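Examination of the molecular architecture
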Amino acid sequence: MLFNSAIFLGFFALVFSAYWLLRQRIVAQNMLILGASYIFYGWWDSRFLILIAASTACDYICGLGVAGPRFARFEKFKAIGLMLGVTILVTLPNLSRDYLILCGGIGGALVLAAFFFGLEQFSGPVRRKAYLTLSILLNLGLLCTFKYFGFFTESLVAAFNSIGLQVHAPMVHILLPVGISFYTFQTLSYTIDIYRKQMKPTTRLVDFAAYVAFFPQLVAGPIERAKKLLPQFQTPRVWDGDKIQSGALLFLWGLFKKIAIADNVAPLANAAFADPASTTPSLMLIGVLAFSVQIYCDFSGYSDMARGLARMLGFDLMLNFNLPYFSRTPSEFWRRWHISLSTWLRDYLYVPLGGNRGGKIMTYRNLMLTMLLGGLWHGAAWTFIAWGAFHGAILAIYRMANIDRGLASVPARSGQGILVHGAAWGVMTMLTLIGWTLFRAETIGEAWTAMALMGEAVTSGAIITTLPMLAQTKTLLFYAAPLILVQLWQRFSGELEFLVSPLDGRSGSMVQRFAHFNVLLAVLCGAVFLAAEDVQEFIYFDF
Amino acid sequence: MKGLKLTGWVLGAGVYAALFAEVFLRVFAPQAFIPRHVVAAEYGVRMNQPSKVYRQHTPETVATIEMNSQGLRARQNYSLKKPDGIKRIAIFGDSYFLGFEVNLEDSFAWHLEQNMRAAGCPVEVLNFAVSGFGTAEMLRTLEERGLGFEPDAVIFSWHHTDPADNMRSGLYKIDDSGLQPTNARYVPTTGVQEKLSKIPFYEPLSSTSHLYIALREKGGRLIKNILTGGAVVTKEASKLETLEQPNDRPPASPLDLGLIALAKKTSEAANASFYLLDIPTVQNRTWFRSGFRLLPQKLIDADYTVSPMAQFEAEKSPDEKLYWEKGHRHLTPKGNRLLAAEMADRLRAAQGNDLNCHAAQKAARL
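Bear in mind that the values here come from a model prediction, so they are computed numbers and not experimental data.

Let us now look at the pattern of salt bridges. Residue and element names in this part refer to chain A. This structure, assessed with the given rule, holds 34 salt bridges over all chains. Where R47 meets D45, a salt bridge forms, and the shortest distance between an N and an O atom there is 2.9 Å. Its relative accessible area of 23% is what places R47 among the partly exposed residues. Within the structure, one salt-bridge network assembled from shared partners comprises R70, K76, E120 and R127.

Let us now look at the pairing of strand β11 (residues 281-284) of chain B. Residues and elements named next belong to chain B. Where β11 meets strand β12 (residues 287-289), three bridges bridge the pair, whose relative direction is antiparallel. Paired with V282 across the strands is F288, a residue of β12. Joining the antiparallel neighbours β11 and β12 is a turn of two residues.

Right, let's talk about the sheet that holds strand β10 (residues 273-278) of chain B for a bit. Consider a sheet: its strands pair through backbone hydrogen bonds, and that pairing is either parallel or antiparallel. All names here are of chain B. Spatial strand order, β6-β5-β7-β10-β13: five strands in an open sheet with parallel pairing. Each having just a single partner strand, β6 (123-127) and β13 (305-306) make up the two edges of the open sheet. Alignment of strand β7 (residues 153-158) against β10, held across six bridges, turns out to be parallel. Residue pairing for β10: A153 is matched across the bridge by S273. Running at roughly 145° to β10, helix α10 (residues 254-269) makes contact with β7 and β10 of the sheet.

All names here are of chain A. Here chain A is described as being made up of domain 1 (6-236), domain 2 (240-321 + 472-543) and domain 3 (324-469). Distance between the C-alpha centres of domain 1 and domain 3: 32 Å. Surface buried jointly by domain 1 and domain 3 totals about 1,400 Å² across both partners, of which 65% is contributed by carbon and sulfur atoms. Across the pair D347 and R225 runs a salt bridge whose closest N-O atoms are separated by 3.0 Å. Linking domain 1 with domain 3 are seven residue pairs in polar contact (both at pLDDT 80 or more). Listed by contribution, the elements that provide at least two residues to the side of domain 1 that touches domain 3 are α6 (124-162) and α7 (180-195).

Time to look at the confidence of the model for chain B. Model confidence for chain B is summarised by a mean pLDDT of 88, while 91% of its residues fall at 70 or above. In the predicted structure, residues 230-247 of chain B sits below a pLDDT of 50 and forms 34 contacts with residues beyond four places in sequence or in another chain.

Turning to helix α21 (residues 510-529) of chain A, a few remarks are in order. Between its first and last C-alpha atoms α21 of chain A spans 28 Å; for 20 residues at 1.5 Å apiece the expected length is 28 Å, and the two agree. Among all positions of α21 of chain A, only H516, N518, L521, V523, C525, G526, A527 and F529 of chain A are buried.

Take helix α9 (residues 226-233) of chain A next. Residue and element names in this part refer to chain A. The set of residues buried in α9 consists of A226, L229, L230, Q232 and F233. Looking straight down α9, one finds that the buried residues subtend no more than 155° of arc, so they occupy a single side. Check the buried side of α9 and you find it contacts α2 (26-42), α7 and α8 (205-213).

All names here are of chain A. With respect to the helices and strands, the residue N356 is situated in the loop between α13 (339-353) and α14 (359-378). The class of N356 is partly exposed, set by a relative accessible area of 45%. Linking N356 and N366, residues ten residues apart in sequence, is a C-alpha distance of 7.8 Å. Excluding anything up to four places from it in sequence, N356 contacts Y350, T363 and R399.

Turning our eyes to something else, we now look at the pairing of strand β4 (residues 61-66) of chain B. Residues and elements named next belong to chain B. Taking every second residue as pointing to the same face, the buried face of β4 carries T61, A63 and I65, while none of V62, T64 and E66 on the other face is buried. Of the pairings in the sheet, the one linking strand β3 (residues 53-58) to β4 comprises six bridges and is antiparallel in character. Opposite T58, over in β4, you have T61 as the bridge partner. Joining the antiparallel neighbours β3 and β4 is a turn of two residues.

Another aspect to go through is a nonpolar patch on the surface. Residue and element names in this part refer to chain A. Residues I88, L92, L95, Y99 and L100 make up a contiguous nonpolar surface patch of about 480 Å² in total accessible area. At three residues, the largest contribution of residues to the nonpolar patch is made by helix α5 (residues 95-119). Tracing the backbone through its elements, the reader meets L100 in helix α5.

What counts and how
Residues numbered from 1 in each chain as written. Chains lettered and ligands numbered in written order. Predicted model: local features only at pLDDT ≥ 70, side-chain atom pairs only at ≥ 80, totals over all residues. Heavy atoms only, no water. Salt bridge = Lys/Arg side-chain N within 4 Å of Asp/Glu carboxyl O. Buried < 20%, exposed > 50% of the residue type's maximum accessible area, 1.4 Å probe, protein only. Pairing = 2+ DSSP bridges. Helix = DSSP H or I, 4+ residues; strand = E, 2+ residues; numbered from the N terminus. Contact = heavy atoms within 4.5 Å. Axes fitted to C-alpha atoms, helices over the stretch in contact; angles between N-to-C directions. Domains from an automatic or database assignment. Buried area = accessible area lost by both parts, 1.4 Å probe. Polar contact = N/O pair within 3.5 Å; in protein donor to acceptor, adjacent residues only side chain to side chain. pLDDT = per-residue confidence, 0-100. Expected span 1.5 Å × (residues − 1). Arc of directions from axis to C-beta. Patch = residues over 30% accessible without salt bridge, like charges linked within 9 Å, V, L, I, M, F, W, Y side chains within 5 Å. Areas by Shrake-Rupley, 256 points an atom, 1.4 Å probe, with all protein chains shown as cover.

Below, the structure written as structure tokens:
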């Protein structure tokens, strides 16, 4: 069920109405969110719900375990009950097909139960560590099995074959459950934060399960920390017309970015990357530029929609994008791009590895490792690893050359500052484009070809002679123009929430309100009439 | 008083929003005006409104569509009985065969007739195509109407939308005993169109308002999407599309194959040879996809199927369009010409004698 589908709009209208009819009944509201989230997620394949229930059950108990004090046995029954209940519910309708999954689910629940009761034999710090280990193993195990199994086995077989050992990969094709990378990171952060004593565990399974499966951000983030989102499930949500309106407008802007921009420029990128060897330099450059627009509008559009939907239900989700294409350095880029992932990697990987506390060499190593794993998080392919390595390398080089500090010492508004910051922005934009080439290409070889073509476009002068004449350039400019205009306005006004900003304000003048109404109409018309005919799935659903 | 004021504001805002949308569309997304005027025929499917003349205009072309009093796209009427010495080719298809977005002189039927005549074959091409038709409706029209004109050759178009059209029409079904007629009637939207045409301002609105056209198209697509379960192009699917894998639509079903077989049998029973002509779809100026990709290989290899893919591939160019790009992606005059040339070549090669080509050439030589 995609946010940009008619069926989702109907689904959300129902959930929204029922949710606010239940106001003041917080438990009922959370149960409704949980049920709706499971329906939303099960729409792809209901069997994936077993995984999410397993992750929820495990981390609910692990959270209680890592907190320290012993907890009621009843909690374990609740957690196992959730997993068993979901397993039975999703397999019963088609038992002849899913009987193995039913057995696996029941077996998994029993193993989990054995662990839960077994770990109670320990006490003190050992018990806390044991629960933490269980949580990490289960979540990373799910991720490795469902996301990386095929990649690792194929790579291993290729490595053996390359040294002359003929090995055949086991023919196991595992479907990638949508959003698994997002919710496993959420549940991991929950147990780790409790272990670090940064938050207390919850004893309300429904709240926790609703937090893990919260449908607005379940499949593509933002990756919300439990310490920020979980308390919101435990406090009453108050009907607030302004908040609901701003949520709806945020959703609309996200929808516009997705269907009117990302989906319309996607064919330009698809055409360039379909066979880079037979593409011209100019078309490749257009393809990479188009992809940079596509991935930003696709992913930030999804994040805006997620935040808008959550806001309409009375929740606040974190900002996930902060004008990343205005970045002047790689570290600034990662403070602005997919913020929920980069801060997650910082807090749960970079800092535990030692961060910048172990001297320069260790800092560079930690940066590389963090970005390599960040790249791998995006997908099981060498191109993503190369993309991560590339970003790790440029982060390390910029740090080595102390460029961030140097830039900070030049006032941006001075004549010299405009030149220096402009040049830094230009270099970072080129680096970003190189990164996207690695990200979008199917193989490393294709990425090299694409980069060589881009280089040729610049050195041969095609960027000036051929590029402006192409129909593809006009198409890209036509669809990217609203984004560029809005981003410039956001950059210079400091308002990150376009359409939602107090530009309209009931307090605004008549002219301001009329201007806002026209902007709103333009976005609405764009979303309705410029929407691409071919609806594309969100890129980050694959991650 | 307050309520009245509020109502005034809401109405005013609504009217302003509609005007805004009209201007927005004219500036950023001009619409294609491709009306179709069809009525319910007495034999249970749609036919073109007899004697109707109308214009189609898009941001890149203008065309006049003229129907004769028999509902065929032609300037003259045809007698049921064939004129002496003349052979007849009856064509059945959808808007591609009908020649939407091109004038009569640029349509497939016209080019086919001219090609055949230029090669010395005295033929008349009777165009029974109706926009929106699938194979089931073509077959019904052939049985109930086309055969009455004594055709010597029958050509059915095959487009990738046909399987969905055949399923939707419900005119036939396939069961253990084979192809069975089910519903006697399938005339979608004709009633609505009739009622709408009686509303004052409907005609000028539908022929000038970009907002009306855009909303109608969107609404139609939404309904179609809901009826077909909402097809979504996944990233995987779009990757495959770029590799030209035929994964976008389901293959032809036994119903479609049964309809084609029955059309062939019916034609041949009336002493007319039968052809199935591929209407490729366009991805971009240099990339076309054959509609035959949905058919089994055995059928593609049959001697009565014709595809212009080789011609299209040979003539493709980034600088020239074989399909319009800002309308409903019908064939341009050049696209129609190539399609007709391919069909004419096959007709001459396969049944030049039956169509008197050689006799005419001989007579000309004498």
